[in-house]
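This is what each chain is made of:
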Amino acid sequence: GLFLVSLWGLLVSVPAQASPLTLVLGLQREGQSSSRARSVVVQHLLRMGEPVLSPSLSSVELLCTERACLQRLGKAYSAQRVLGGEIFPNDRSFLVRLWRYDLANEQPLLVEERCTECTEELLLESVSRAAGRLVDAVAASAPLSAPASTPTVAPGPVATTGPALATAPPPPAAPATSLDL
C-alpha cells in the first residue's frame, strides 16, 4: 500500500530523459522466488536512481523467463526493461546470475557474482553488487546516454570488476531453464 504509493511518487517525479522503467521480477533460488533478494535488488536500483517497479506478482510471473511472458509483463506494467535472476547454491557457496531484458530491442544482458563460504548476509550483498554491475553494464552499452569516457561492454561475458573470487566450484548443473532470450 504505502510503499507502492511512495514508489509511484518517485516514478512520477522522474524526468523524461531518465533511465527506462524496469520491472523487477523474482530471483529464483531452489525453485522458489526469494522475496529478500528481490527487495535487495529494488533497493539498490532505487539508490542508483533507476526507476523501478516491483508489484505483487504470481509465483509463475515472478519466475517468468520466456520472451512472450517477459513482453506481456513489461507491457502490462508499462516497463521498458524486465529484470530477474537466479541464485545457484553449492554447499555454502553461491553463484548469483542477474539478467535484464530490454523489451524494445529484445536483448538480454547478464551479470554474475560468486559468493564463496557465504552467509545469508554476504549472499544478499552479492545480489546487490550484481544489480549495480547490471545497471553499469546497461549504461555502458548505451553510447547515446553514456559519457564518452565510459568503456563499452563487448558482446559476450561481462568483465568482472573488483577482486575475482575464483575459488568457488562451478554451480551444479541446473535444470534447463527457458531463458530463450
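Draft legend 1. Structural context of the nonpolar core. Ranked by size, the top nonpolar core spans 26 residues in total, and within it Val-24, Val-41, Leu-45, Leu-98 and Val-127 carry the most contacts. Contributing elements (two or more residues each) for this core: strand E1 (22-29), helix H2 (35-47), strand E4 (81-90), strand E5 (93-102), strand E6 (107-115) and helix H5 (120-140). If near-sequence neighbours (up to four positions away) are discounted, Val-24 is found in contact with Arg-38, Val-41, Val-42, Leu-45, Val-52, Leu-53, Ser-54, Leu-57 and Leu-83.

Draft legend 2. Representation of the pattern of salt bridges within the structure. Applying the stated criterion across every chain yields a total of 8 salt bridges. Among the ionic pairs, Arg-92 bridges to Glu-117, the shortest N-O distance being 2.5 Å. Remark: Glu-117 occurs in the loop between E6 and H5 and Arg-92 occurs in the loop between E4 and E5; sequence separation between them is 25 residues. By relative accessible area, Arg-92 is classed as partly exposed at 48%. Residues Arg-97 and Glu-112 are paired through a salt bridge, measuring 2.7 Å at the closest nitrogen-oxygen approach. Placement of Arg-97 in strand E5 and of Glu-112 in strand E6 is noted, with a sequence separation of 15 residues between them.

Draft legend 3. Highlighting the pairing of E4. Of all the 10 residues making up E4, 8 are buried; the element is thus mostly covered by neighbouring parts of the structure. Across 6 bridges, E1 lies against E4 in parallel orientation. Its bridge partner lying in E4, Arg-29 is registered against Ile-87.

Draft legend 4. Fine view of unusual backbone geometry. Its identity is not glycine, yet Glu-106 carries a phi of approximately 55 degrees, on the positive side. Residue position: Glu-106 is located in the loop between E5 and E6. The residue Glu-117 is not glycine, and still its phi comes out positive at about 50 degrees. On the accessibility criterion, Glu-117 (47% relative accessible area) is partly exposed.

Draft legend 5. The arrangement of the environment of His-44 in detail. Mapped onto the secondary structure, His-44 falls in helix H2. In this structure the C-alpha to C-alpha distance between His-44 and Gly-132, which are 88 residues apart in sequence, comes to 6.9 Å. With sequence-adjacent residues up to four places away left out, His-44 is seen in contact with Ser-128, Ala-131 and Gly-132.

Rules of the game
- Residues numbered from 1 in each chain as written.
- Predicted model: local features only at pLDDT ≥ 70, side-chain atom pairs only at ≥ 80, totals over all residues.
- Heavy atoms only, no water.
- Core = buried A, V, L, I, M, F, W, Y, C linked by side-chain atoms within 4.5 Å.
- Buried < 20%, exposed > 50% of the residue type's maximum accessible area, 1.4 Å probe, protein only.
- Helix = DSSP H or I, 4+ residues; strand = E, 2+ residues; numbered from the N terminus.
- Contact = heavy atoms within 4.5 Å.
- Salt bridge = Lys/Arg side-chain N within 4 Å of Asp/Glu carboxyl O.
- Pairing = 2+ DSSP bridges.

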